[in-house]
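# An overview of the molecular structure
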Amino acid sequence: MTASDSRSDNVDASEIAKFEALAERWWDVNGEFKPLHDINPLRLDFIDARAGLAGRQVLDVGCGGGILAEAMAHRGGQVSGIDLGEAPLAVARQHAEQSALQVDYQCTSVEQLAERQPASFDVVTCMEMLEHVPDPGSVVQACARLVKPGGQVFFSTINRHPKAYALAIIGAEYVLGMLPRGTHDYARFIRPSELAGWSREAGLEVREQSGLIYHPLWRRYQLSARDVAVNYLMHCRREVA
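The sections below set out a description of the structure shown in this document. Residues take numbers from 1 onward in each chain, read along the sequence in its written order. Reporting in this predicted model follows two pLDDT cut-offs: at least 70 for local features of residues, and 80 or more for side-chain atom pairs to be given and counted; totals over whole chains, interfaces and linings ignore these cut-offs and use all residues. For side-chain calculations, the full set of non-hydrogen atoms in the structure is used, while hydrogens and water are omitted.

This part takes up the pairing of strand E3 (residues 103-107). Here's how the labels work: a residue is buried when its accessible area is under 20% of the maximum for its type, exposed when over 50%, partly exposed in between, all with a 1.4 Å probe on protein chains only. Numbering of helices and strands runs from the N terminus; a helix is a DSSP stretch of H or I covering at least four residues, while a strand is a stretch of E covering at least two. Here E3 shows a buried face lined by Val103, Tyr105 and Cys107 and an unburied face lined by Asp104 and Gln106. In this description, strands pair whenever DSSP reports at least two bridges between them. Where strand E2 (residues 78-83) lies against E3, five bridges are found, and the strand directions are parallel. Across the sheet, Asp83 pairs through a bridge with Cys107, a residue of E3. Convention used here: a crossover is right-handed provided that the path from the first strand, over the helix, to the second strand proceeds clockwise when the strands point away from the viewer. Handedness of the E2-helix H4 (residues 86-98)-E3 crossover: right-handed.

So, in structure tokens, the structure goes:
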């Protein structure tokens, strides 16, 4: 299958191609995906502390090469990962096999999976994906349909804020070279109020949000509920009817 296959209207073929081209370097901790490797422990602990991954049915939406999906499997989750990029999924499957982990990877859109398997997961995660699709609200709706009533949904994206433009694009892509140039489009960044609005419309209760802050002098990240101007995590819970 190719990136242009019509699994969903909510796909940008150029975004899929961008990550397909980098797929072989997904697990290089010093390569283009180094920031994902660096923030993964923080994301994992944030999710596990609020959802308790062990023994849970977990779905990672936009899983890419499997960095978070594998980590959640290590924590005892029964993990599935979906993506529309064939090359990253091939890398994810190979790495999981080498790591002796059981992760169910599927090449499908979140909207299509929601049609087939509504209310099937205890935990749904969607990290660093919303800013790469034409209709992020559709993804939020599908994530809400996929999680069981009372289940937990976690999003991570970038705020459409001047500080995010300065740090996530100018700083990370052009000055520090942490990401390939053109990785992000500022117009697609999402304000927390917008994400919260889509979540509530989908029947999700917004429980918490936390910023992900990078300290260039120390080259480390930390979570802060007081600063969501750049990267941020949002924790939601599906309401029980």
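The rule for a salt bridge is simple: a side-chain nitrogen of Lys or Arg has to be within 4 Å of a carboxyl oxygen of Asp or Glu. Applying the stated rule across the entire model yields 11 salt bridges. Glu32 serves as the salt-bridge partner of Arg25, at 2.9 Å between the closest nitrogen and oxygen. Overlapping salt bridges, with partners in common, bring together Asp45, Asp48 and Arg75 in one network.

By nonpolar core we mean a set of buried residues, namely Ala, Val, Leu, Ile, Met, Phe, Trp, Tyr and Cys, connected to one another through side-chain atoms within 4.5 Å. Of all hydrophobic cores here, the largest spans 30 residues; its most connected members are Val61, Val124, Cys143 and Phe155. Those elements that place two or more of their residues in this core are strand E1 (57-61), helix H5 (110-116), strand E4 (121-127), helix H6 (136-146), strand E5 (147-158), helix H8 (192-201) and strand E8 (231-238). When residues of this core are assigned to their parent elements, the largest contribution, six residues, is made by H6. Dropping the residues within four chain positions of it, Val124 is found in contact with Leu59, Val61, Cys143, Leu146, Val147, Gln152, Val153 and Phe154. In this structure, Leu53, Ala69, Leu89 and Val123 belong to the second largest nonpolar core, which totals 24 residues. Two residues qualify as a contact provided that any one of their heavy atoms is within 4.5 Å of a heavy atom in the partner residue.

A few words on the environment of Gln78. With respect to the secondary-structure elements, Gln78 resides in strand E2. Along the backbone, Gln78 and Asp104 are 26 residues apart, and their C-alpha atoms lie at a distance of 8.6 Å. Once you skip the residues sitting within four places of it in the chain, Gln78 turns out to touch Gly55, Arg56, Gln57 and Val58. Polar contact is defined as a pair of N or O atoms within 3.5 Å, subject to the rule that within protein one atom must be able to donate a hydrogen and the other to accept it, and that residues adjacent in sequence are counted only when both atoms are side-chain atoms. A distance of 2.7 Å separates a polar atom in the side chain of Gln78 from a polar atom in the side chain of Gln57.

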